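Spelled out from the first residue to the last, the chains are:
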Amino acid sequence: MKMRDVVLSLAFVCAVAQLLSAGPKQTMLMNRLGPSQMTLYIANADGSGERPLFAISGFDYNPSFSPDGKWIAFTSERNGSGEADLYRVHVDGSGLERLTDDPALDDQAAFSPDGNQIAFVSTRGAHNASIWILDLKTRRVRNLTGAPTLQAAAGKMNGFFRPSWSPDGQWIAFSSDRNFDFKPHVYPDPAWEHPQELSIYVIHPDGSELRRLTLAGASDGSPKWSPDGKRIVFYEVPTAQTFAARVYEQAMVTSQIVSVDVATDAKVEETSGPGLKVQPQYLSADRIAYLIKAGPNAGLAFTKGAPGVKGSLRNPAWSPDGEQVVYEKVDFTARPQNQVLYSWEPDMDVQYTDVFPRFSRDGRLAISDIKNLATVATASISVMNADGSNKKVVFSDKEGAAFVPTWSPDGQWIAFGFGGFFGARRTQPAKLMMVRADGSQESKDLTKGLPNSGFPTWSPDGKRIVYRVWGDGDYGLREMNLADGSVKTLTSELDNFPAFSPSGDVITFTRRSAKTDDYDIFTMRPDGTHIKQLTTAPGNDSHSSWSPDGKYILWSSARYGFKDEAPLYDNSFQPFAQIFIMRADGSDQHALTYSRWEDSMPAIVPPAA
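These remarks concern the structure in this document. Just so you know, these numbers come straight off a predicted model, no measurement behind them.

Reading the values: rules and limits
Residues numbered from 1 in each chain as written. Predicted model: local features only at pLDDT ≥ 70, side-chain atom pairs only at ≥ 80, totals over all residues. Heavy atoms only, no water. Helix = DSSP H or I, 4+ residues; strand = E, 2+ residues; numbered from the N terminus. Pairing = 2+ DSSP bridges. Buried < 20%, exposed > 50% of the residue type's maximum accessible area, 1.4 Å probe, protein only. Polar contact = N/O pair within 3.5 Å; in protein donor to acceptor, adjacent residues only side chain to side chain. Contact = heavy atoms within 4.5 Å.

Attention now moves to unusual backbone geometry. Cis peptide bonds are those with omega within 30 degrees of zero, and the linkage from Tyr-187 to Pro-188 qualifies with 0°. As for its placement among the helices and strands, Pro-188 is situated in the loop between β13 (172-176) and β14 (199-203). Leu-450 connects to Pro-451 through a cis peptide bond whose omega is -5°. In this structure, Pro-451 sits in the loop between β34 (443-445) and β35 (452-458). In this structure, Phe-59 takes a positive phi of about 60° despite not being glycine.

Taken in spatial order, the four strands of this open sheet run β43-β44-β45-β46, and their pairing is antiparallel. Two strands lie at the open edges of the sheet, namely β43 (541-546) and β46 (590-591), each paired on one side alone. Bridge count for strand β44 (residues 552-557) against strand β45 (residues 578-583) is six bridges, and the pairing is antiparallel. When the bridges of β45 are listed, Tyr-552 appears paired with Arg-583.

This part takes up the sheet that holds strand β42 (residues 532-533). Pairing is antiparallel across the open sheet formed by four strands, whose spatial order is β39-β40-β41-β42. Strands at the two margins of the open sheet, each flanked by one partner only, are β39 (495-500) and β42. In this structure, strand β41 (residues 519-524) lies alongside β42, joined through two bridges in antiparallel fashion. Among the inter-strand pairings, Phe-522 is bridged to a residue of β42, identified as Gln-533.

This next bit is on the pairing of strand β36 (residues 464-470). Every other side chain in a regular strand lies on the same face of the sheet, so the side chains alternate between the two faces. Across the seven residues of β36, seven count as buried, placing the element largely inside the fold. Neither face of β36 is exposed, since Arg-464, Val-466, Arg-468 and Trp-470 on one face and Ile-465, Tyr-467 and Val-469 on the opposite face are all buried. Judged from the five bridges that link them, β35 and β36 form a sheet pairing that is antiparallel. Counterpart to Asn-452 in the pairing with β36 is Trp-470. Adjacent in sequence and paired antiparallel, β35 and β36 are bridged by five residues, among which Gly-462 carries a positive phi angle near 80°. One ladder, built from six bridges, connects β36 with strand β37 (residues 476-481); its direction is antiparallel. Pairing of Val-466 across the sheet is with Glu-479, part of β37.

Our next topic: the side chain of Thr-214. Inspection of the secondary structure puts Thr-214 in the loop between β15 (211-212) and β16 (219-225). Of note is the side chain of Thr-214, whose polar atom sits 2.9 Å from the backbone nitrogen of Ile-200. At a separation of 3.1 Å, a polar atom in the side chain of Thr-214 contacts the side chain of Asp-220. Sequence-distant contacts of Thr-214, defined by excluding residues within four places in its chain, comprise Ser-199, Ile-200, Asp-220 and Phe-234.

As far as function goes, none of this settles anything; it's purely spatial.
Okay, here's the thing in structure tokens:
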């Protein structure tokens with residue numbers, strides 16, 4: 001690490017420590033939208049005869065073979081859930097060796113032809129994904145794509161992914177979304193999540209002669225060189241479909257495997273027909289292997305010869321002799337409540353929680369129970385101790401989802417939204433409800449279902465609930481007087497996620513900008529006046545919550561952009577969001593997490609717990 005990076009890292013640690021070290025070590029709960037386990041397997045080239053690479057998995061992914069076929073490099077979070085480093089191991093699972101130990105994300109390793117270097121993706125320094133090079137003998141690293149002349153314009157995406165060395169070692173190919181806008185997707189339905197447009201580039205290992213091989217208009221990813229170094233093969237998917245490709249609509253997406261002549265830029269489609277096809281690799285001059293990610297033929301496939309094993313596997317990489325393949329299998333079973341996660345902040349413990357955690361004044365925790373946020377048709381409300389013990393379901397109804405519990409100040413009631421939310425809000429109503437926190441199932445309806453109402457926050461004096469409405473031209477935040485049921489309009493824009501400060505004098509909320517289509521964090525007084533914008537960075541900012549003392553705001557921000565090619569993710573709306581913290585006035589904004597995944601919905605455990 002360069003001295004400049006060391007100084008910046010120390011400055012960051014000191015600044016965040018100042019924010020959080022006013023008392024005993026704190027605990028932050030957060031949700032992580034990503035796999036709960038990833039396991040590497042090695043098999044014959046067609047996927048037959050598979051076996052686990054390790055007897056015990058360490059949350060391992062993105063494998064690749066060395067040129068001599070003796071090593072497999074991969075990414076692992078075995079040092080702590082969320083903290084990703086590079087490792088290598090022999091193909092028989094022996095000789096495990098850690099290659100990097102930086103707190104930033106290190107991922108997507110690719111060996112040089114002589115086996116002495118590794119090109120990889122890292123978020124060191126500027127926090128966006130860049131291509132770095134590791135010398136395996138000296139362990140020195142350098143940023144290949146960090147030169148100022150290679151960076152995107154301000155406010156644009158600026159990620160570099162999936163490096164691949166040419167056979168002669170003179171070029172490195174990679175994909176990049178540089179200079180693509182942070183804008184909402186429109187397929188299959190318009191919504192706030194970002195699509196991603198990738199192009200294929202080549203560059204010399206010394207950082208010179210950057211050249212773009214593919215043009216705008218499609219998303220081209222995962223380049224690999226032909227054995228003679230004359231062509232590069234990649235997958236091509238319509239840009240508009242890069243959101244659907246990473247969520248539950250994957251089967252709706254069609255992509256093709258394409259190759260390009262490096263000298264002439266002439267392109268050839270190597271496949272045809274439906275299916276989400278990704279991550280191709282030459283096995284010989286005229287045979288290409290690839291993964292069909294979704295659809296009835298999901299599994300390993302080849303442009304010539306019989307198809308491979310069908311099934312749900314990810315990130316295949318074939319050995320140089322074409323005889324073996326290594327890949328990962330992914331488990332999305334919900335993590336245990338309060339599972340320990342890696343903490344980048346020494347004065348803070350971090351633990352996993354199910355979605356929308358909210359604490360009562362006496363330290364009890366309420367959450368929305370779901371199995372996977374990609375399928376949110378149903379969700380119940382549960383209460384428990386802050387450590388996850390004594391869990392009790394207080395509301396459950398299979399006819400809809402119960403989201404964002406908020407406690408009455410006396411701890412007797414929990415208000416929440418119930419019905420259809422997110423994409424379902426277009427076709428399903430949702431109402432505001434309250435239920436007894438003791439599990440008696442006594443409940444009351446506060447609204448009737450139209451307009452779609454939810455995401456409430458209870459005022460600290462117990463007299464009001466602020467919530468959002470959506471639909472039929474009726475948008476924004478509303479205040480309900482609990483004494484007489486009257487409703488007051490506070491805002492009429494696309495606002496959401498309101499949260500009262502502990503003192504009740506300020507409300508944070510998220511607003512979508514009509515100019516940028518991004519969401520940012522705002523504050524206002526409880527009467528809807530003195531609206532102030534706190535965040536202005538590109539990418540969506542949302543899910544704000546207050547520290548127990550009311551001095552700081554935590555939230556989830558997407559400002560650092562994608563950390564991988566969007567079509568390679570699964571079950572993740574915004575795979576690049578991370579947890580941030582700032583002072584209540586919007587100053588001193590700093591990231592608290594640096595994982596590959598979508599980190600969201602932070603909540604500091606209060607002293608009462």
